[in-house]
Amino acid sequence: MFAASRLPVQACLKSAARVPRVPLARTVATAATRSTLLNAARRAPIASPSSLRYLPVKRAYSDAKVYSRSKPHLNIGTIGHVDHGKTTLTAAITKVLAESGGASFIDYAQIDKAPEEKARGITINAAHVEYETTNRHYSHIDCPGHADYIKNMITGAASMDGAIIVVSATDGQMPQTREHLLLARQVGIKRLVVFINKIDQIDDPEMLELVEMEIRDLLATYGFDGEATPIIMGSALAALEGREDGPEGIGRARILKLVQECDQWLEVPQRDLDKPFYMPIEGVFSIPGRGTVATGKAERGTIKKGDEVEIIGFGQRMKTVLTGIEMHHKELDRGEAGDNMGALLRGIKREQIHRGQAIIAPGSMKSIKKFVASLYVLSKDEGGRHHPFMANYRPQMFSQTCDVTCALTWPEGVEDASKMVMPGDNVEMVCSLVHDVPLEVGFRFTLRESNKTVGTGVITQILEEGTIA
Ligand SMILES: Nc1nc2c(ncn2[C@@H]2O[C@H](COP(=O)(O)OP(=O)(O)OP(=O)(O)O)[C@@H](O)[C@H]2O)c(=O)[nH]1
Ligand SMILES: [Mg+2]
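Residues numbered from 1 in each chain as written. Chains lettered and ligands numbered in written order. Predicted model: local features only at pLDDT ≥ 70, side-chain atom pairs only at ≥ 80, totals over all residues. Heavy atoms only, no water.

J.: Would you mind going over the sheet that holds strand S19 (residues 396-399) in detail, with residue names and values included?
T.: Ordered by their spatial adjacency, 6 strands build a closed barrel running S18-S21-S20-S19-S22-S23, and the pairing between neighbours is antiparallel. Between one strand axis and the next, the sheet turns by 45 degrees as a mean value, whatever way the strands run. As judged from the 6 bridges shared by strand S22 (residues 444-449) and strand S23 (residues 452-465), these two strands associate in the antiparallel manner. Each residue of the ladder has a partner; that of Arg444, found in S23, is Val458. (Pairing = 2+ DSSP bridges. Helix = DSSP H or I, 4+ residues; strand = E, 2+ residues; numbered from the N terminus. Axes fitted to C-alpha atoms, helices over the stretch in contact; angles between N-to-C directions.)

J.: Explain the coordination of the magnesium ion (ligand 2) residue by residue, including any values.
T.: For the magnesium ion (ligand 2), every protein donor is listed as Thr87 (OG1) and Thr123 (OG1), and the spread of their distances is 1.9 to 2.0 Å. In this pair, Thr87 sits in helix H3 (residues 86-98) while Thr123 sits in the loop between helix H5 (115-120) and strand S3 (127-132), placing the two residues 36 residues apart along the sequence. With a relative accessible area of 4%, Thr87 lands in the buried category. Residue classification places Thr123 among the buried residues on the basis of a relative accessible area of 8%. (Donors = N, O, S within 2.8 Å, 3.2 Å for Na, K, Ca; no water. Buried < 20%, exposed > 50% of the residue type's maximum accessible area, 1.4 Å probe, protein only.)

J.: Report on the site of ligand 1, specifying residues and quantitative values.
T.: With respect to spatial proximity, 21 residues lie near ligand 1, and among them Lys86, Thr88, Tyr108, Thr123 and Ser235 are the closest. Contacts to ligand 1 include Asp83, whose backbone N or O atom sits 3.0 Å from an oxygen atom. The contact in question runs from an oxygen atom of ligand 1 to an N or O atom on the side chain of Thr123, over 2.7 Å. Contact with the protein chains removes 88% of the 650 Å² of surface that ligand 1 exposes when unbound. Those elements that provide at least two residues to the shell around ligand 1 are H3 and helix H9 (236-241). No other element matches H3, which puts 3 residues into the shell around ligand 1. Here the residues of the shell around ligand 1 are counted per class, giving 5 nonpolar, 11 polar and 5 charged. (Near = heavy atom within 4 Å. Polar contact = N/O pair within 3.5 Å; in protein donor to acceptor, adjacent residues only side chain to side chain. Areas by Shrake-Rupley, 256 points an atom, 1.4 Å probe, with all protein chains shown as cover. Nonpolar A, V, L, I, M, F, W, Y, C, P; charged D, E, K, R; others polar.)

Here it is in structure tokens:
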């Protein structure tokens, strides 16, 4: 499934960048110098990523209007390599759609608003915005591209039904372009739209063609439809600044095209409305005078104000009542699968719950500690490990909104328990988690180790449930 990704076209692109054609060479050199400088600035040490582990998702729960469920709702977002323009594009979409009343303009500084994000010019926390087209209502999550914050990207992507992958025309595909494609696939995203950004910096149309060919190959490599996936070229910055540059436009016109392609190509999935309610918790915050709100995407079922629910995971099983439901500052009487919502919980303190737990219909789901999984271990070419590992290897497991350390061992009855797992292998192993988390047979997960994705898997059998602390 994940064939080697060294593409001839990529070599082509690199050599094209070296050809001394004057306008193109100048463009590329400037872009390369700029990105080298930016990357060096980004390597400066900052607060360790682990201290940013449970940063709350930035959403408010107040001044609510009523949400009207008049259009199909889709959860999408921007993913892709650091600095390729995801946040600029997110701001540009709201700006362009605000003209037709489909959005409130959210500028760049309101999306990357944490002091550290502002200081470093990068996204750290996934941020949520909403907009509407004539056909649909969208929740949009702007994900971080920086490798240090990929855990926030995975959590954000876990609630997307489809995604926009942003690729800068000046760089082409880069390591997190590939990693995000893999992770998007792994969290169950089936369709993507590609936005090739920063075309204002490219003079040579051949260069854009090469980037497009390269992306189509890459999409196919990661199991997406390489031929039919819409690819839109434009400049998010031009759209944001109201520049069009040329008769066909590179800004506003391309954003409208992008949104149109999202409407047409990204499908609203069949929602599991008939199953018991289940919402993995993505963020938690408190509203003075009202209580604690848990945010996340409802994965299945429906819920009404006043319904009893249970919060499970990490050694807890607490009953409470849902006293309010909101989506993007608008109140709802009833939440349903697919909603990216905030749930106001009676009598729960902010510090009692956290990301990785789940809100469920009472008794409908278990929190598990040990399971058998079918694993694929990424090869070196796919960005995975360079060396084999043995039993008791302890990577970090990401599934839904949780991330937890696990130990991998061979199932009972395996003849040679000292055998090694090679990069590129498909194996069946037992995963023992350090905390119990609410997961089920069939759920997919990703394994990561020191900032790289090393494997992907699916749960095939539950061996042990968590115990209540
Ligand atoms: N010339 C040009 N610059 C752009 C364009 N889009 C974004 N930029 C610039 O590229 C830089 C990075 O943009 P961001 O939107 O922060 O990139 P990002 O992908 O959100 O970055 P992370 O979230 O940190 O991964 C900023 O300086 C933007 O102004 C564009 O279309 N043209
Ligand atoms: Mg960003």
